[in-house]
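Close look at the chain arrangement
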Amino acid sequence: MLFQPAIIALLLAAGLGVLMLALATPFALQVIRHWDIHSGSEYQLLLERRTYLFSTLATFVLVAQLAALLLFVFTADRLAAMFVGAMCAVGTLNVNPWGFPALILQMLAFFLAAAWLAINHVDSAARDYPLVRIKYALLILLLPFLVASFWLQFNFFSELKANVITSCCGSMFSSEATTIVSDLSGLPPQPALWLFYGALSAAIALALGHALRRGRSSGALLALFSAVAFVAAMSGVLSFLSLYIYEHPHHHCPFCILKPEYDYRGYALYLPLFIATAAGLGAGAIQPFAHRPSLRHIAPRVTGRLAALAATGFLLFAAIATWFILASNLILIEH
């Protein structure tokens, strides 16, 4: 399995990310200890020149992490045809114990990478690089996540065996299963609808307010409600939205909607949702540093743009979800 092109690309991206951040760690420690923008020493000038290189490498690594999540899910879905019992990515991820932990950590790396990229963008736009120590400290903290992600992915892909009989999504998301996702799948439609649209409406309203005020409202609140809206949105997909898409009262899988027989509708849903959540978290990550003198004009502008992107993404997700519901002939019956 390791010689599949997509798997090679994923492992290379994860491995190079770990290698680059590991090589950057000694330099990051030097920056944290010795950075002084007001110094004209030769050592400070050397640090400043090297920050351009290492920041560019880090940006490349973390942008690759953003793309890796999409490729990981796509690869898991394509590999499902190789396993008996698998209908979609769920079957592939259930082949061994490493699949779902690898996916969850890849999602976490996606959002952490987005937050770091937002901080790096603001810092690079300022004349005195006020966040350089913070962003390099965050790079050091990100390294263990990337190491764990690479380790989980390597174990997952290396232990994929085509002769394994795996479980399909029907067993995982059924009411008889005893997992968190099965509990979410079994949420009554009415409360799930209220939670779904209530959380999305709150996130959109906060994001629009933040954008209109040009980043001068609470970024922490926006980040919090973006995270809540993401959880509510995924809960809604599991509990009721998937039923409308499949037009089947017992099919709750959030992965089958990525397949061609459902016109790849899942990508239309998940892309704006993940982008909106990442933008909201990025705005929240920048907000604590907006009081810095050199960031007083830059931070509000950037967080305002991120808030506008978050509002657009959540609104687009809600609109697409509503369209799928209205276009379906399925009538939900209370459990």
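Residues numbered from 1 in each chain as written. Predicted model: local features only at pLDDT ≥ 70, side-chain atom pairs only at ≥ 80, totals over all residues. Heavy atoms only, no water.

Once that is clear, we can look at the overall build of the chain. Scanning the chain from terminus to terminus reveals 11 helices and zero strands. When the helices and strands of the chain are listed from N to C terminus, the series reads α-α-α-α-α-α-α-α-α-α-α. In terms of overall dimensions, the chain is globule-like: its C-alpha atoms have a radius of gyration of 22 Å, near the 20 Å expected for 335 residues. On the principal axes, the C-alpha backbone points of the chain span a range of 70 × 50 × 30 Å. Looking at the chain as a whole, 50% of its 335 residues are labelled buried. Pairs at least 24 residues apart make up 75% of the contacts formed inside the chain by residues separated by at least 6 positions. When the accessible surface of the chain is split by element, carbon and sulfur atoms take 70% of a total near 15700 Å². Averaging the positions of the 17 positive and the 13 negative side-chain charges in the chain gives two centres separated by 15 Å. (Helix = DSSP H or I, 4+ residues; strand = E, 2+ residues; numbered from the N terminus. Rg over C-alpha atoms; globule rule 2.2 N^0.38 Å. Buried < 20%, exposed > 50% of the residue type's maximum accessible area, 1.4 Å probe, protein only. Contact = heavy atoms within 4.5 Å. Areas by Shrake-Rupley, 256 points an atom, 1.4 Å probe, with all protein chains shown as cover. Lys, Arg positive; Asp, Glu negative; His and termini not counted. Charge placed at Lys NZ, Arg CZ, Asp CG, Glu CD.)

Moving on: the packing of aromatic side chains. Overall, the coordinates contain 18 aromatic pairs when judged by the stated rule. Arranged with centres 6.3 Å apart and planes meeting at 85°, the rings of tyrosine 52 and tyrosine 129 form a pair that is edge-to-face. Residue tyrosine 52 is found in helix 2 (residues 42-79), and its partner tyrosine 129 is found in the loop between helix 4 (99-125) and helix 5 (132-158); the two are separated by 77 residues along the sequence. Note on phenylalanine 196 and phenylalanine 240: the rings are 5.3 Å apart at their centroids and 85° apart in plane angle, and the pair reads as edge-to-face. Of the two residues, phenylalanine 196 sits in helix 8 (residues 189-212) while phenylalanine 240 sits in helix 9 (residues 219-246), which places them 44 residues apart along the sequence. Taken individually, phenylalanine 196 and phenylalanine 240 each receive the classification buried, so the pair is uniform in this respect. Among the aromatic residues, ring-to-ring pairing joins Phe110, Phe111, Phe230 and Phe274 into one connected group. For arginine 265, the ring lying beneath its charged end belongs to phenylalanine 324, and the centroid distance is 5.5 Å. (Phe/Tyr/Trp six-rings, centres within 6.5 Å; stacked < 30°, edge-to-face > 60°. Lys NZ or Arg CZ within 6 Å of the ring centre and 35° of its normal.)

This brings us to the nonpolar core. Of all hydrophobic cores here, the largest spans 83 residues; its most connected members are Phe157, Leu241, Phe255, Leu269 and Phe314. When residues in this core are grouped by element, the largest group, 14 residues, is from helix 11 (residues 298-327). Counting residues in hydrophobic clusters, the runner-up holds 22 residues, among them Ala24, Trp35, Leu62 and Val132. (Core = buried A, V, L, I, M, F, W, Y, C linked by side-chain atoms within 4.5 Å.)

Moving on to helix 1 (residues 5-34). Compared with an ideal rise of 1.5 Å per residue, which puts 30 residues at 44 Å, helix 1 spans 43 Å between its outermost C-alpha atoms and is within 8% of the ideal. At threonine 25, helix 1 shows its maximal bend, which comes to roughly 40°, and the proline proline 26 appears one to four places after that position. Listed in full, the buried residues belonging to helix 1 are Ile7, Leu10, Leu11, Ala14, Gly17, Val18, Leu21, Ala24, Thr25, Phe27, Ala28 and Val31. On its buried face, helix 1 is in contact with helix 2 and helix 5. (Expected span 1.5 Å × (residues − 1). Bend = angle between axes of the 7 residues up to and from the residue.)

Attention now moves to helix 9. In helix 9, a bend of some 50° at valine 237 exceeds every other bend along the element. Taking burial as the measure, the 28 residues of helix 9 include 20 buried ones, the bulk of the element.

On to the packing of helix 2 against helix 4, then. Packed helix pairs are characterised by how far apart their axes lie and by the angle those axes make with each other. Running from N to C, helix 2 and helix 4 cross one another at 145°; their axes reach a closest spacing of 9 Å. Pair helix 2 / helix 4 crosses with left-handed handedness. Contacts from Ser55, Ala58, Thr59, Leu62, Val63, Gln65, Leu66, Ala68, Leu69, Phe72 and Val73 in helix 2 reach Gly99, Ala102, Leu103, Gln106, Met107, Ala109, Phe110, Ala113, Ala114, Trp116, Leu117 and Asn120 in helix 4. For the contact of helix 2 with helix 4, the class distribution of residues is 17 nonpolar, six polar and no charged. (Axes fitted to C-alpha atoms, helices over the stretch in contact; angles between N-to-C directions. Left-handed = near helix turned anticlockwise from the far one by under 90°. Nonpolar A, V, L, I, M, F, W, Y, C, P; charged D, E, K, R; others polar.)

Taken together, the side chains of Phe3, Ile8, Leu12, Leu16, Leu19 and Leu23 make up a nonpolar region of the molecular surface, amounting to roughly 650 Å² of accessible area. Along the chain, leucine 19 turns up in helix 1. According to the relative accessible area criterion, leucine 19 is partly exposed, its value standing at 47%. (Patch = residues over 30% accessible without salt bridge, like charges linked within 9 Å, V, L, I, M, F, W, Y side chains within 5 Å. Salt bridge = Lys/Arg side-chain N within 4 Å of Asp/Glu carboxyl O.)

On to the packing of helix 8 against helix 9. Close contact between helix 8 and helix 9 brings their axes to 8 Å; oriented N to C, the two are set at 150°. The orientation of helix 8 relative to helix 9 falls into the category roughly antiparallel. Note that helix 8 runs across helix 9; the crossing there is left-handed. The residues of helix 9 that touch helix 8, namely those facing Ala192, Leu193, Leu195, Phe196, Ala199, Leu200, Ala202, Ala203, Leu206, Ala207 and His210, are Gly219, Leu221, Leu222, Phe225, Val228, Ala229, Ala232, Ala233, Gly236, Ser239 and Phe240. Classifying every residue of the contact of helix 8 with helix 9 by side-chain character gives 18 nonpolar, four polar and no charged. (Parallel < 35°, antiparallel > 145°, perpendicular 65-115°, else oblique.)

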